[in-house]
Amino acid sequence: MRQLIWFQRDLRLQDHAPIHRALSNGGACLFGYIHDPALAQGEANQAWLVKSLESLQQDLQEKGANLLVAEGPFDHEFERILIKHKITDVLYHFELGEPYQTAQQHALRICKQHQVRLTPFDQTWLSPETILTQQGKPYGVYTPFSKKVMSQLDDVPKAEGQANWSQLKTIELEPKDTRPPQTLQKISSASWAQRMLKHWHIGEQAAWSLAKQFLTDKMTQYPNQRDFPGVSGTSQLSTHLHFGEISSTALLEQCRDALVNRPAHGDAIQSFIRQLIWREFARYLLFFNPKLQTHAYQEKFNHLDWPEPNESVMAWQKGVTGIPIIDAGMRQLWQTGWMHNRVRMLVASWLTKNLNQHWLIGQRWFEQTLIDADIPNNVMGWQWVAGCGVDAAPYFRLFNPVVQSEKFDPQGVYIRKWLPELTPLPTNILHAPWEAANSIKQQFPDIAAHYPLADPNLKQARLNHQQRVQQLKTMTLAL
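Here the structure is a predicted model, which means the values were calculated and not measured. (Residues numbered from 1 in each chain as written. Predicted model: local features only at pLDDT ≥ 70, side-chain atom pairs only at ≥ 80, totals over all residues. Heavy atoms only, no water.)

> Which residues make up unusual backbone geometry, and what are the values?
In most cases, non-glycine residues show a negative phi, while peptide bonds are predominantly trans. For the bond from Glu-98 to Pro-99, the omega torsion is 10 degrees, close enough to zero to count as cis. With respect to the helices, strands and loops of the structure, Pro-99 is situated in the loop between strand E4 (89-93) and helix H4 (100-113). Of note in the backbone geometry, Lys-86 takes a positive phi value of approximately 55 degrees without being a glycine. For Lys-86, the location among the structural elements is in the loop between helix H3 (74-84) and E4. Phi is positive for Asn-356, close to 55 degrees, though the residue is something other than glycine. (Helix = DSSP H or I, 4+ residues; strand = E, 2+ residues; numbered from the N terminus.)

> Please give an account of the pairing of strand E1 (residues 2-7) that cites residues and values.
In terms of burial, E1 is a largely internal element, five of the six residues being buried. Where E1 lies against strand E2 (residues 28-35), six bridges are found, and the strand directions are parallel. Its bridge partner lying in E2, Arg-2 is registered against Ala-28. Assessed by its sense of winding, the connection that carries the chain from E1 through helix H1 (residues 17-25) to E2 is right-handed. Sheet topology places E1 next to E4; four bridges connect them, and they run parallel. Bridge pairing links Gln-3 to Asp-89 in E4. (Buried < 20%, exposed > 50% of the residue type's maximum accessible area, 1.4 Å probe, protein only. Pairing = 2+ DSSP bridges. Right-handed = clockwise from strand over helix to strand, strands pointing away.)

> Account for the environment of Arg-416, with residues named and values stated.
Here Arg-416 lies in helix H19 (residues 413-418). When the C-alpha atoms of Arg-416 and Phe-7 are compared, they prove to be 41 Å apart, with 409 residues separating the residues in sequence. Not counting the four nearest positions on each side in its chain, Arg-416 is found in contact with Gln-411, Leu-422, Thr-423, Leu-425, Pro-426, Thr-427 and Leu-430. At 2.7 Å, the side chain of Arg-416 forms a polar contact with the backbone oxygen of Gln-411. (Contact = heavy atoms within 4.5 Å. Polar contact = N/O pair within 3.5 Å; in protein donor to acceptor, adjacent residues only side chain to side chain.)

> I'd like to hear about the sheet that holds E2, residue by residue, with values.
Within the open sheet, the five strands sit side by side as E3-E2-E1-E4-E5. Their pairing is parallel. Of all strands in the sheet, those with a lone pairing partner are strand E3 (67-71) and strand E5 (117-121), marking the two edges. Each adjacent strand pair in this sheet contributes to an overall mean axis angle of 25 degrees, direction not counted. Pairing geometry for E2 and E3, over five bridges, is parallel. Of the residues in E3, the one forming a bridge with Tyr-33 is Val-69. Most of the contacts of helix H2 (residues 43-62) go to E2, to which it runs at about 165 degrees, and overall it touches E1, E2 and E3. (Axes fitted to C-alpha atoms, helices over the stretch in contact; angles between N-to-C directions.)

> Could you give an account of the packing of aromatic side chains, with specific residues and numbers?
Enumeration over the complete set of coordinates arrives at 26 aromatic pairs. Note on Phe-287 and Phe-288: the rings are 5.0 Å apart at their centroids and 90 degrees apart in plane angle, and the pair reads as edge-to-face. Accessibility expressed as a relative area gives 33% for Phe-287, which makes it partly exposed. Plain terms: the ring middles of Trp-316 and Trp-382 are 6.2 Å apart, the flat faces sit at 75 degrees to each other, and that makes the pair edge-to-face. You can see Trp-316 sitting in helix H13 (residues 311-318) and its partner Trp-382 sitting in helix H17 (residues 375-386), a full 66 residues away along the chain. Note on accessibility: Trp-316 and Trp-382 belong to one class, buried. A connected cluster of aromatic rings, assembled from ring pairs, spans Tyr-139, Tyr-142, Phe-145, Trp-278, Phe-281, Tyr-284, Phe-287, Phe-288 and Trp-384. Sitting over the ring of Phe-408, Arg-342 keeps its end group 4.2 Å from the ring centre. (Phe/Tyr/Trp six-rings, centres within 6.5 Å; stacked < 30°, edge-to-face > 60°. Lys NZ or Arg CZ within 6 Å of the ring centre and 35° of its normal.)

Below, the structure is given as C-alpha cells:
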C-alpha cells in the first residue's frame, strides 16, 4: 500500500483524520499539496498560503517526512504524482465550494481511471443530513439551527489529537519536489505581502499558541468586547481556521473542557461556541445550496437589475469614501489582509445598501483581499448583510455608519489607528467630518486637502433603500 495524504485547506498534523488513518494502515505515506494557479484564491490568500506550507513542511520534517509541493494544472499534476509514486490510496479532507469542488471532481475521475482508492473525510461537526427541521428540511434560519446543534454537541466526534508517528513509513522525494511553487514565492516576496504578513504568526504552532492565549486570557471578556474594533477582543483565529492550521473540532473540545474547568465563565464560553456554530452554519448552507457562490439564497434577488460599478465602488475599495469607520475598515484590509467582523458588516452594508451595488462585487473583492477568505463564511456573510441570504429579516436593514461608529468606536481608537491623517480631529467630529467641513478646512487644511469631506447624504440613501425594499415586496407578490 502506497498512500497519498492530499492536503487542501487542512494544513496541520494534529486532529487530521487522513493522517491518522494512513499511519494506522501501515503503508508507505506521501504527503502532498498541489498548487494550481488557475484554481487559486486571491493573492492575499496565497501570500499566507506559502508561509503556511513552509510551516507544514518544517513540522513534517521534524516527524521524519517531507511535503511534496507540486505546481501546475491540477488534473495533470495529480495524475503525474499517482503514476510516478505508484500510489494505491488517496486520503483527503472533503471541502465545499469552488475551486475545491473542481479539484475533487478531477481527483475522483483520475482515481477511478487508475483504480486508486479515494477516501474522503468530513470536517463538519455533524453530518448535515442529521440536522433537519421537523419537516425533514434544511434549516434556513441560524437560531433554530444553532439550538439544534447545541442540543447535539455530545454527538460531535472528539478531536483526533496527535497521530502515532512511530508507525511512519515514507516515500522518498527529490529535493526539488519539496520547494514552494514559484508563483507563490513571487507573491509572498512582494513588498505589499511582506508588509501584510508582518502582522501575523503563521502555522499550526502559531494557531495553537493564539488559541490558548485567547481561551486563557481573553475569553471572559469576549461577549463584551467582540463588537469593538478598537479593542483586541476577538480570537483572531479566522485565518488559522480557514487554512486548517487548527480545526474547529479541536477548538470546540477546548471550549467544552473550559466549561467543565471554569464554570463561572460559562456564558462567555458559550458565546464563542455560538460563533463556531455560525461557521458550521455557513458550511451547512453551502452543502445544501452549492450555487450560493453565484446565486442569492432568496430567488427574488436573482431577478433584480443592478447598476454597473462606478467610481464610488473604487472609492470603497481604496478606503476613501469619506465615512471614517468605512475607510478605516478598508485600510485595515489593505494593510493586514484582515478586517474586524463588526466593520465587515458595515462596509458590506455601505456597498450593497447605500451604493446599491451587487453583493457579488463585495464578495469577490473580499475573496481577492482577505487572508481568511473562507468561501462558505464569505458567501453567507455577504448575502446576509445584503438581505438576500438566510434569516430574511435583514433585507430591510441599513446600518447607519455614523451611529455604528459612535457606538462601537466611541473614542475613535480604531479610526485613528487606520486613518492616522484624521488623528488631529476632535472626537466629536471624527465620526462624521462632513458635518464640520468648513471648520476642518480652516483649522486642518492638510486633512481637507487629502481626505474627502463631501456630504454622503445618508438620509437620501436610506430613502432610496426604502424604495428598493418596496420594489422587492412588490416583486415577491408577483413571483
